[in-house]
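# What the coordinates show
Given next are the chains, with one letter for each unit.
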Amino acid sequence: MSNISLIIEERAANIGNFMVGRLLPFREKRAVGPFVFIDHMGPAHLSDHENMDVPPHPHIGLSTLTFLFEGSIMHRDSLGTELEIKPGAVNWMTAGKGIVHSERTPEYLRHSDKMLHGLQIWVALPKELEQMEPNFTHVEADDIPAWEEDGVSYKLIAGEAFGKKSPVPVYSPLYFIEIKSKEAKKINIGEHLFGESGLYILDGSIKNGEHTYDPRQILITTEASLCEFEIAANSTVYIFGGQPFPEEHFIFWNFVSSDKNLIEKAKTDWTNQTFPKVPGETEFVPLPEPRIK
């Protein structure tokens with residue numbers, strides 16, 4: 001990361017009955033490539049009477065990527081999907097013109113102690129696909145490209161890089177990469193990246209020149225092709241980014257669009273409860289006070 005333009009510290013955010021570390025959006029950087037939202041969940045120790053319960057809520061104009069390090073979440077959506085996500089797998093839900101989903105602790109874990117730790121990510125859709133039909137894809141951990149180079153472990157969780165392609169069906173040029181090392185190593189991967197690029201430090205640290213950066217920071221590069229850094233022993237980092245869109249994308253609550261009128265329509269539709277329903281669910285998250293940012 002020889003061209004760091006911005007350092008973003010993780011900020012605490014309350015999402016109802018759960019605290020997360022919010023990384024994007026940030027007042028000085030609304031997006032990195034098509035990535036518009038990143039939450040770091042946990043690590044949270046939940047007792048036998050504590051559970052994750054996010055009732056049905058809507059999305060438009062984006063794809064969500066859920067990637068867990070520990071724990072388990074039961075995903076249910078208005079397409080009729082009911083599927084448990086476990087560590088290392090990917091839930092990729094594309095909202096398009098509108099989808100509703102809930103996220104809860106699976107029934108078999110609700111009366112025992114458990115952990116929950118992972119990343120929740122939103123990827124904006126290109127303008128021409130914002131009103132596409134919604135869909136859902138689950139990719140098992142074993143199907144994600146993984147390899148080693150010089151003692152460093154890599155995973156291409158989504159997108160294309162290193163001459164490889166993840167099975168996650170993305171809709172614009174992007175990459176989301178995990179890098180783990182048990183030993184201190186020099187990493188130079190700029191030739192494999194493009195567009196805008198960010199680096200999130202989950203564990204350990206990285207060094208760039210005379211500066212050392214610790215966990216729960218995002219480093220934003222000014223040019224992805226210059227992504228070079230030293231990774232400390234027992235460290236895990238995530239590289240994400242891609243080609244930015246030519247038009248601005250607006251965010252209100254769970255709605256993302258290049259057209260504010262589509263956001264206003266989604267607000268009205270959710271208030272009137274005309275979005276599709278999640279089978280078997282009767283609760284819902286009410287619309288917050290209006291504010292487009």
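Residues numbered from 1 in each chain as written. Predicted model: local features only at pLDDT ≥ 70, side-chain atom pairs only at ≥ 80, totals over all residues. Heavy atoms only, no water.

Attention now moves to the sheet that holds strand β8 (residues 82-85). The four strands are arranged β5-β10-β7-β8 in an open sheet whose pairing can be described as antiparallel. Each edge of the open sheet is held by one strand with a lone partner, namely β5 (53-59) and β8. Direction aside, neighbouring strands of the sheet carry axes that sit 20° apart on average. (Pairing = 2+ DSSP bridges. Helix = DSSP H or I, 4+ residues; strand = E, 2+ residues; numbered from the N terminus. Axes fitted to C-alpha atoms, helices over the stretch in contact; angles between N-to-C directions.)

Summarising the model, the chain shows a mean pLDDT of 87, and 87% of its residues fall at 70 or more. Contacts for the low-pLDDT stretch residues 4-8, under 50 throughout, to residues beyond four places or in other chains number 25 contacts. (pLDDT = per-residue confidence, 0-100. Contact = heavy atoms within 4.5 Å.)

Below, the discussion takes up the packing of aromatic side chains. Taken as a whole, this structure holds 18 aromatic pairs when the rule is applied. Each ring, one from Trp147 and one from Tyr154, has its centre 5.6 Å from the other, and the planes form 10°; the classification is stacked. For the pair Trp147 and Tyr154, a shared accessibility class is recorded, and that class is buried. Aromatic ring contacts, followed pair by pair, group Phe35, Phe67, Phe69, Phe176, Tyr238 and Phe240 into a single cluster. Taking NZ or CZ as reference, Lys164 lies 4.8 Å from the ring centre of Trp147, over its face. The side chain of Lys267 reaches across the aromatic face of Phe252, ending 4.8 Å from its centre. (Phe/Tyr/Trp six-rings, centres within 6.5 Å; stacked < 30°, edge-to-face > 60°. Buried < 20%, exposed > 50% of the residue type's maximum accessible area, 1.4 Å probe, protein only. Lys NZ or Arg CZ within 6 Å of the ring centre and 35° of its normal.)

As a further point, take the pattern of salt bridges. Per the counting criterion, the structure on display carries 10 salt bridges. Notably, a salt bridge pairs Arg104 with Glu283, separated by 3.1 Å at the nearest N-O pair. You can see Arg104 sitting in strand β10 (residues 99-104) and its partner Glu283 sitting in the segment after α1 (260-271), a full 179 residues away along the chain. When salt bridges that share partners are traced, they join Asp53, Arg104, Arg110, Glu281 and Glu283 into one network. (Salt bridge = Lys/Arg side-chain N within 4 Å of Asp/Glu carboxyl O.)

Core analysis: the largest hydrophobic core is formed by 24 residues, its most contacted members being Leu65, Phe67, Val90, Ile121, Phe176, Tyr238 and Phe240. Core analysis: the next-biggest nonpolar cluster, separate from the first, contains 22 residues, Ile201, Ile206, Phe229 and Ile231 among them. (Core = buried A, V, L, I, M, F, W, Y, C linked by side-chain atoms within 4.5 Å.)

A negative phi angle is the norm for most residues apart from glycine, just as the trans form is the norm for most peptide bonds. In this structure, Asn234 is a non-glycine residue whose phi angle is positive, near 55°. Tracing the chain through its elements places Asn234 in the loop between β22 (228-231) and β23 (235-242). A relative accessible area of 58% means that Asn234 is categorised as exposed. Phi angles above zero are rare outside glycine, and Trp253 is one such case at about 55°. Structurally, the position occupied by Trp253 is in the loop between β24 (250-252) and β25 (255-257).

Here the focus is the sheet that holds strand β17 (residues 185-188). Taken in spatial order, the four strands line up as β17-β22-β19-β20 in an open sheet, and their pairing is antiparallel. At either end of the open sheet lies a strand with only one pairing partner, and these are β17 and β20 (211-213). Direction aside, the axes of adjacent strands within the sheet are offset by 30° on average. Here β17 pairs with β22 via four bridges, running antiparallel. Residue Ile187 lies in a different strand from β22, and its bridge partner there is Phe229.

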